[in-house]
Amino acid sequence: MVEQLPESQSALYKSILTDVKPRFACRQVINVASLVGNLLIPVGQSDLTPVCVAAGAVFSLRSVNKSRKLLVTDKLFPADRKSFLADDEVVEGLFFPHSAQGEFIRFYKQGDRKSVTNSIVNAAYRVQFTDSKVSAMNIVYGGLPFGMAKAFPQTSQSLIGREWNEKLLEEGVASLTAELNSATSDLKSPDSLTSYQKTLVTSLFYKFYSDVAEKLSTGKFPEVGQYTAIKGKQLYDDSPVATSSEVSAASHCFKPVPHRSADLHVTGEATYVDDMPPYADELHMAVVYSEVAHAKIVSIDTSEAINVLGVRGYVSAEDVPGSNVCGLIGEERVFYNEKVESVGQILGGIVADTLQHAQIAAGLVKVEYEKLPPILTIKDAISAKSFFNPQPMMLWKGKDMAEAFSGVDMVMEGEMEIGGQEHFYMEPQVTRCVPKENGEIDVFSSTQSPKFMQDGVGKALGIPFSKTNINVKRLGGGFGGKSRKPMLSGVPAAVAANKFRVPVRCTLERKEDMVVTGGRDPALIKYKVGYNKDGRIKTLDAEIYTDAGCTLDLAICIVQKAMYHLENCYSIENMRVRGWACKTNHPSNTACRGLAAPHAVLVIENILEEVSVKLNIPRHVIQQLNFCREGHTTVYGQVVSNCTLERCYNQVVSDSDFVNRQQAVKQFNLLIALSSMQVIQ
């Protein structure tokens, strides 16, 4: 249709293809979804609604006895999502009018990503010009808490008859703001409209104004906002690894070798723990976990839960034949029965014939607590001196700090708070335990550390480790979260299997997994930096605090990892780094891809960025100036040898065409600035 119609009549359809479609969804959804189906979804929001309202689209509806046409307006999509269709009606079609001469329509979307995400705010604008003045206009927004679409008729009407100039922009923004504030005051919860959304309402209107102004201009400036997508590539050195032809032919070095299970993964044939066929007598366990951060346990009432259909019983600390103590240094419990120190600590488990029955029954277990004051932030822990290591771990090199700071040109202080991170592996924590003869037990787990699981199960059941057989086929994603945490649900499952003498499978739902297992440690890093006017970092004094949660786990190693990596790839002459693992009433955090090294690297790179801004020296120049070089001694005492940093850096600069790309960015930004000036004039 776009190719068949004159350009003046196809503006709407081009906008749908170029503005809406790329931001609508992923390719798979676009290939199978229908436009009408998306408009009528009972939950969520549709990016298409504002376009349909702005364009004046019309529904064709039909029932058994009659048909009718219905103009698409914002009133058709209220916040309560009540359908405008009668019980016996279906949508026969959705019709869009052709564009007219002098008409412009644009769609904009601001979300967390370009596509495959709900809009924070989206907008559709339609303007019609007659004799260089606005003769018709529609302004419609989506993503706001007014429903799937919200039209702004007062602003649209106020701009009719006006020329497209800066005065129209100013009055349009003022009118939009007033109309938005009036609509917000009618909301039950005015705070549901965020200040960011309010800003986007006017900024997207400015963007539309700028686009239309450019279209109406003489064409003196080329189209802006277009860019060529950057494509990555991976280079393999295909040079011989060895002179021997036999070694070279057999070696997989420098070759793009696929993963051994890649075919099974992409076809869905790979078997994960929860895919394993159940035994005929297999039972399922749902965990009962604490719902308060810090409390004494007064009582646990399971009377209602054990009467649920299919329930075989309840397991708790009383059913542990061996030791109820687990963890690296005995700081955790298989089942908590006296006191809890975070939400998510396991109190017991309901065992039933199906996972659904077990989960229903687990929700009926009543726990009475005597609440205690919790520590919930790193700063609270610092104030309470709640540390796993009361004396700080320390790394030091160079001069005394007072002397070191006295010899620099400039000093800067700051701090950075860095949040935690959920592992979000593909298969949640799941363990299947099968009791065998002679007191043995087979454990099928996706753990990264079979030894930890073997130790935990053996101690809890009071059997030799040689009778605990841990089977690990594949992880289903781990990222550190399946190193020690599988014990939290795996050992209770083993206790249940031992009690009932049948196979027991414990599968944590995603929500349970995220509550029970913890993730990457949040951190607070304070720093004082001394540097010279040329950009060289001379002195760094830092304090690192991590939120380890309620138990030790790998907290000390995690803090040490941050301390080792704070210098990153740079040479800092004088350093003092001190570290504390804070004990809080959060679920115990654990290893996660690099432990706390990403925190430390983020901080030192941010420090370089701050120095760059303060000195007005390009960041990459500051980086190169401070690179470590051959013979450099790190803060942990290692002498750097065979240093390839600069060679690698120079190769990346060359291969990425950095200099030309940087110049292109400057020219692009200049073009944007000139275009904006031209629009205002």
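Notes on the structure follow. From a predicted model like this one, the values you see are computed outputs, not experimental measurements. (Residues numbered from 1 in each chain as written. Predicted model: local features only at pLDDT ≥ 70, side-chain atom pairs only at ≥ 80, totals over all residues. Heavy atoms only, no water.)

On to the overall build of the protein, then. When helices and strands are tallied, the protein shows 20 helices and 24 strands. Viewed in the frame of its principal axes, the protein has a C-alpha envelope of about 90 × 80 × 65 Å. The long-range share in the protein, meaning contacts at least 24 apart out of those at least 6 apart in sequence, stands at 75%. As displayed, the protein has an accessible area near 34900 Å², and 53% of this comes from carbon and sulfur atoms. In the protein, 71 side chains carry a positive charge and 75 a negative one; their mean positions are 2 Å apart. (Helix = DSSP H or I, 4+ residues; strand = E, 2+ residues; numbered from the N terminus. Contact = heavy atoms within 4.5 Å. Areas by Shrake-Rupley, 256 points an atom, 1.4 Å probe, with all protein chains shown as cover. Lys, Arg positive; Asp, Glu negative; His and termini not counted. Charge placed at Lys NZ, Arg CZ, Asp CG, Glu CD.)

Relative to the helices and strands, N626 is located in helix α18 (residues 619–626). Of the residues examined, N626 reaches a relative accessible area of 2% and is grouped as buried. Those residues in contact with N626 that lie beyond four places of it in its chain are G535, R536, I537, C569, Y570 and S571. (Buried < 20%, exposed > 50% of the residue type's maximum accessible area, 1.4 Å probe, protein only.)

So, on to the pattern of salt bridges. Applying the stated criterion across every chain, the model contains 25 salt bridges. Residue R126 pairs with E103 through a salt bridge whose shortest N-O separation is 3.5 Å. On the criterion of sequence distance, the pair formed by R126 in strand β5 (residues 119–130) and E103 in strand β4 (residues 103–111) is long-range, its members being 23 residues apart. Its relative accessible area of 18% is what places R126 among the buried residues. Each of D274, E282, R432 and R505 takes part in salt bridges that share partners, so that together they form one network. (Salt bridge = Lys/Arg side-chain N within 4 Å of Asp/Glu carboxyl O.)

Looking now at the sheet that holds strand β9 (residues 295–301). With respect to topology, 3 strands assemble into an open sheet ordered β13-β9-β15, the strand pairing being antiparallel. Pairing within the sheet leaves two strands with one partner each, and these edge strands are β13 (339–340) and β15 (366–371). (Pairing = 2+ DSSP bridges.)

Our focus in this paragraph is the packing of aromatic side chains. With the rule as written, the count across this model stands at 16 aromatic pairs. Between the aromatic rings of F59 and F84, the centroid separation amounts to 5.2 Å while the plane-to-plane angle is 35°, which identifies the pairing as tilted. One end of the pair, F59, is in strand β1 (residues 58–62); the other, F84, is in the loop between β2 (67–71) and β3 (90–95), and 25 residues separate them in sequence. The interplanar angle of 90° and the centroid separation of 5.9 Å between the aromatic rings of W164 and F208 together place this pair among those described as edge-to-face. Here W164 is found in the loop between α5 (153–158) and α6 (166–185), whereas its partner F208 is found in helix α7 (residues 195–216), with 44 residues between them in sequence. F208 carries the same exposure label as W164, and that label is buried. Taken together, the ring pairs in this structure connect F104, Y108, Y125, F129, Y141, F152, W164, F205, F208 and Y209 into an aromatic cluster. Seen from the ring of F444, R432 lies directly overhead, with NZ or CZ sitting 5.1 Å from the centre. (Phe/Tyr/Trp six-rings, centres within 6.5 Å; stacked < 30°, edge-to-face > 60°. Lys NZ or Arg CZ within 6 Å of the ring centre and 35° of its normal.)

Another point: the nonpolar core. Where a protein is soluble and globular, its nonpolar side chains tend to be buried together. Core analysis: the biggest nonpolar cluster contains 41 residues, and V529, L540, V603, I607 and V611 have the highest contact counts within it. Counting only elements with at least two residues in this core, the list comes to β16 (393–397), β17 (410–418), β22 (523–531), β23 (537–549), α16 (555–565), β24 (574–583) and α17 (597–615). With 7 residues, the top contributor of residues to this core is α17. Membership of the second largest hydrophobic core comes to 35 residues, among which are I346, V491, A494 and C506. (Core = buried A, V, L, I, M, F, W, Y, C linked by side-chain atoms within 4.5 Å.)

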